[in-house]
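This is what each chain is made of:
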Amino acid sequence: MTVHESVDRDADQNTVQSGGLSDGPGLVPDPEKVAKGDLRDAKSSQKADAIFRGVTVAAGAVIVALIGLIAIVLVMQATPSLLANNVNFLTSSEWNTSDPENLQFGILDMFRVTVLSSIFALVLAVPVAIGIATFLVQYAPERLSRSLSALIDLLAAVPSIIYGMWGLIVLGPWLVPLSTWLNENLGWIFLFGDGNVSIAGGGTIFTAGVVLAIMILPIITSMSRETIRQTPSLHQEAALALGATKWEKIRMTCFPYAKSGMIAGSMLALGRALGETVAVLIILRAASAPGTLSLFDGGFTFASKIASGAAEFNHPLPTGAYIAAGLVLFILTFFVNLIARSVSGGKVNG
Amino acid sequence: MSQATPDLAKPAKPSDTFLPIAGSRRVKDKTATVIFSLCFVLAVIPLVALLYKVIESGLPAVLNPAWWTNSFFLVSPSSMGGGVGHAIYGSLVQAIIAAVISIPLGVAAGIMLVEYPESKLAKPTTFMVDVLAGVPSVVAAIFIFGVWVSVLKFQLSAFAVSLALVLLMLPLIVRSTEEMLKLVPDELREASYALGVPKWKTIVSIVVPTALSGMISGVFLSIARVMGETAPVLILVGYTASFNYSLFEGNMASLPLLIFNQLSNPNEAGQYRIWGAALTLIIIIALANVLATFASKALAPKTK
C-alpha cells in the first residue's frame, strides 16, 4: 500500500514537473490514459493536499502552543519563589533576593518606574507623532511624503542599545539644564519635585522617557498615517465645500475618522515602552531611596530589573523572583496590546 | 446676470456670495500648518543628532580594516587596537540560526492563514501571532532561560540566544508571508486549478514563487530587527573578548553585548569601541535593509 502510494506520488510529481503541457506528439492525450491518470492523480493528490495542509496547520498550532507554553513556564517557575516570599509581592518595594532562604521581593517600585516612564514617553510622543502623520498625509507633496515617511521609519530601525548609549552619553547631559530649570521653577508640581537621584547626572526617568518617546514615535506615526490617509475624500471634500479651512477640514473629518487608529498606535507604542529593556537599563541610575512620583527619580523598570539581575540567575528561587516580575510584565503588555487590537478592530501592524 | 455665456478664458471674479475667511480662522489655519511642519522637524532632530554622533565617533574605528577581522583577545581595555570580528560573527550566527528555525515555521503558518483560512486554528493563530509580536524581548529571554536552562539543564549559550530570537522573529515572518500571499491574485490560483494542478502543488509552485520576493525581503528585515536585540544576549549568554565558534558551549560576543560590556570601560578606548561597534551594527542593519529592497526588486515576478 505504502509502496503504491509513493510510486503514485512520484508519477504525479513527474507529470507536473515536466510541465504537462510539453511539446511533442503527446499534445493530444489519449483519453483512456487521461481517465486512468486522473483517477490516480485525484487519490494521491488528495492525500498530498491533506499532508500539506496538515503541515501548515501544525505550524500554526506550534505558534499557538508557544504562547501557552510561555505563560505556563513563567507561572510554574515563579510560583515557588512567590510562596517563599517574605513580603507582599504587589505592595512592597523591597528587592532582596541574594539570600534564597529569606526572599524579599515586591514590584511596587518597578511598577511605578515602568508606568511613569512609559506614560511620560507617551505624553511626549503622541502629539508629535500625530502631527507628523498629519503633515505627511495632508501637507507634504506625495513624492516627498514617501521619502519623509522612510526617514521616520529609520528611527525604528535603530537598535535600542544605540538609543541607550546615545541617551546616556549625549542626550542626558543635554537635558540637564532643562531638568534643572523645571525642578527649580516648577518643583511644586509633584512630577518635577526632587527625586532620589542627582539631576545633574542625567540618569533620570525624565531622560529615559524622552529616549522612549523617540523610540516609539515611528509606531504611532505609521498607524496614524495609515488611518488619516484612509479618510474618505468625500468627507474631506464635503468639509471644504462647506467653507472649512484646511485645518478645520483636518479637525472635523480626518481626526475623528482616524481616532481609532491613533489610539491603537498609541497603545502598541505603550506596550513597546513598557517592555523596553536595555535603553532604560543603561540610562536610569539605580536609586538609593524608594521613589516618589517625580520624573527625577531613578530606579528600575520590570524589564531593566530582569536584565540587570541576569547574574543572579544561579539558584531557582531568586531566578523565580525575576521570572515573577517578567510574568507581571507579560500580563501588562498582553492587556495593553489586547486593547490596541480591539480598538483597531484587529488591524494591528506593529 | 446679464452675462448669458461666461467667458471661460478669464478666471471668474470672486463672487460676493462668499465672505472672505475671517481673520481668526485664517490665523488658526496658518498656525496649524506651522505646528504640523514643526512636529516633523522636531522628530528629525534626534535622528540626525544620533546618526551624526554615531558616524562621527564611530568612523575612525570602522575605517581600520583590522576592526572588521580582529577580536579584543589579549588586547587591554585601554588599547585602541583590536576589532569586533568576534562580535560580528556572533551577531550574524545567532541571527542566522534563528532565521533557519523560524523561516519554515513562520512561512508554513503564514500559508495556513492565507490558503486555509477555514481551518479552526486560523483565528487563534492570528491572535497568538499578535500576542507574540507584543511580547517584550526580555520576557522572551527569561522564558527561554526557564525552559532551556532551568528545566532542560542546558548551559547558557549562543544557541539559547537564537531560540529567544526565534520568538521575536516568528511574528515578523508570519506577518510578512501573510501580507505577500494575500497579494497573489486569485486568477493565478484558479488558472492552476483549471489545469488540474492539486492545491498543494499550486501553492508550492505558483503562489509561493509569485510572493517569494516579498517574503525574502521580509526575512531580511526580520534579521535586521533581531540583530540589534540586547535583552536576550544579556540574559542568555556571557561576553567574551575572543572568537568562539561553538554554538552550544561557552560565551559568545555579539555587537549589542559588546557595546553593553564596553560601556563600563572607563578608558578612552571604551568610547572608541562602543561608538565603533554602534556604527558597525548600523552598517550591518542598513546592509540587511538594502538586501531586502534588492530582493524585493530583483526577484519580483517578471510581468510583460
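Fair warning: this is a prediction, and the values are worked out from it, not measured in the lab. (Residues numbered from 1 in each chain as written. Chains lettered and ligands numbered in written order. Predicted model: local features only at pLDDT ≥ 70, side-chain atom pairs only at ≥ 80, totals over all residues. Heavy atoms only, no water.)

Mind laying out the interface of chain A and chain B, listing which residues take part and the relevant values?
Opposite the 83 residues of chain A that make contact, chain B presents 77 residues. For chain A, the biggest contributors to the area lost against chain B are F52, I63 and M165 of chain A; these three give 9% of the whole. The tally of links between chain A and chain B comes to three salt bridges. Note that R25 of chain B and E248 of chain A form a salt bridge whose closest N and O atoms lie 2.6 Å from each other. The interface formed by chain A and chain B contains nine residue pairs in polar contact (both at pLDDT 80 or more). With 20 residues, helix α2 (residues 31-84) of chain A is the largest single contributor of residues to the side of chain A that touches chain B. Along the lines of polarity and charge, the residues of the side of chain A that touches chain B split into 59 nonpolar, 17 polar and seven charged. (Contact = heavy atoms within 4.5 Å. Buried area = accessible area lost by both parts, 1.4 Å probe. Salt bridge = Lys/Arg side-chain N within 4 Å of Asp/Glu carboxyl O. Polar contact = N/O pair within 3.5 Å; in protein donor to acceptor, adjacent residues only side chain to side chain. Helix = DSSP H or I, 4+ residues; strand = E, 2+ residues; numbered from the N terminus. Nonpolar A, V, L, I, M, F, W, Y, C, P; charged D, E, K, R; others polar.)

So, empty space enclosed by the protein: which residues are in play, and what are the values?
The gaps left among the atoms become clear once a water-sized probe is rolled over them. Considering all chains together, one arrives at two cavities of 30 Å³ or more under this definition. One number sums up the size of the largest cavity: a volume of about 60 Å³. Considering the residues around the largest cavity, the lining is formed by S91, Q94, A95, V161, L165, V226, M227, E229, V233, S254 and P256 of chain B. Mapped by element, the contributors of at least two residues to the lining of the largest cavity are α3 (85-115), α6 (158-183) and α8 (199-227) of chain B. Tallying contributions element by element places α3 of chain B first for the lining of the largest cavity, with three residues. Size it by volume and the second largest cavity reaches roughly 30 Å³. Around the second largest cavity, the lining residues are F330, T333, F334 and N337 of chain A together with V131, G134 and V135 of chain B. Tallying contributions element by element places helix α11 (residues 316-343) of chain A first for the lining of the second largest cavity, with four residues. (1 Å grid on protein atoms, 1.4 Å probe; cavity = no way out; pocket = protein on both sides within 12 Å on 5 of 7 lines; lining within 4 Å. Points joined across faces, edges and corners; volume = space filled by probe spheres on them.)

If you had to explain helix α6 (residues 205-229) of chain A to someone new, which residues and values would you point to?
Compared with an ideal rise of 1.5 Å per residue, which puts 25 residues at 36 Å, α6 of chain A spans 35 Å between its outermost C-alpha atoms and is within 8% of the ideal. Among the 25 residues in α6 of chain A, 23 count as buried, and that is most of the element. (Expected span 1.5 Å × (residues − 1). Buried < 20%, exposed > 50% of the residue type's maximum accessible area, 1.4 Å probe, protein only.)

Go over a nonpolar patch on the surface with me, naming the residues and quoting the values.
Taken together, V34, L38, V41, L42 and I45 of chain B make up a surface patch of nonpolar side chains, about 450 Å² in accessible area. With respect to the helices and strands, V34 of chain B occurs in helix α1 (residues 23-62). (Patch = residues over 30% accessible without salt bridge, like charges linked within 9 Å, V, L, I, M, F, W, Y side chains within 5 Å. Areas by Shrake-Rupley, 256 points an atom, 1.4 Å probe, with all protein chains shown as cover.)

Which residues make up the packing of α8 of chain B against helix α11 (residues 268-298) of chain B, and what are the values?
Relative orientation and spacing of two packed helices are given, respectively, by the angle between their axes and the distance between those axes. Residues and elements named next belong to chain B. It is the contact of α8 with α11, at a shortest axis distance of 7 Å, that shows an interaxial angle of 170°. For the element pair α8 / α11, the angle class is roughly antiparallel. Contacts between α8 and α11 pair S213, I216, S217, F220, L221, A224 and M227 from the former with L281, I284, I285, A288, N289, L291, A292, A295 and S296 from the latter. Residue composition of the contact of α8 with α11, grouped by class: twelve nonpolar, four polar and no charged. (Axes fitted to C-alpha atoms, helices over the stretch in contact; angles between N-to-C directions. Parallel < 35°, antiparallel > 145°, perpendicular 65-115°, else oblique.)

Which residues make up the pattern of salt bridges, and what values go with them?
Side chains bearing opposite charge may pair, as long as their charged atoms lie close to each other. Residue and element names in this part refer to chain B. This structure, assessed with the given rule, holds eleven salt bridges over all chains. For R175, the salt bridge goes to D130, with nearest N and O atoms at 2.4 Å. Taken together, the residues span a long stretch of sequence, with R175 in helix α6 and D130 in helix α4 (residues 122-134) at a distance of 45 residues. There is no split in this pair, since R175 and D130 are both buried.

Such coordinate-based values are descriptive only and should not be taken to indicate function.
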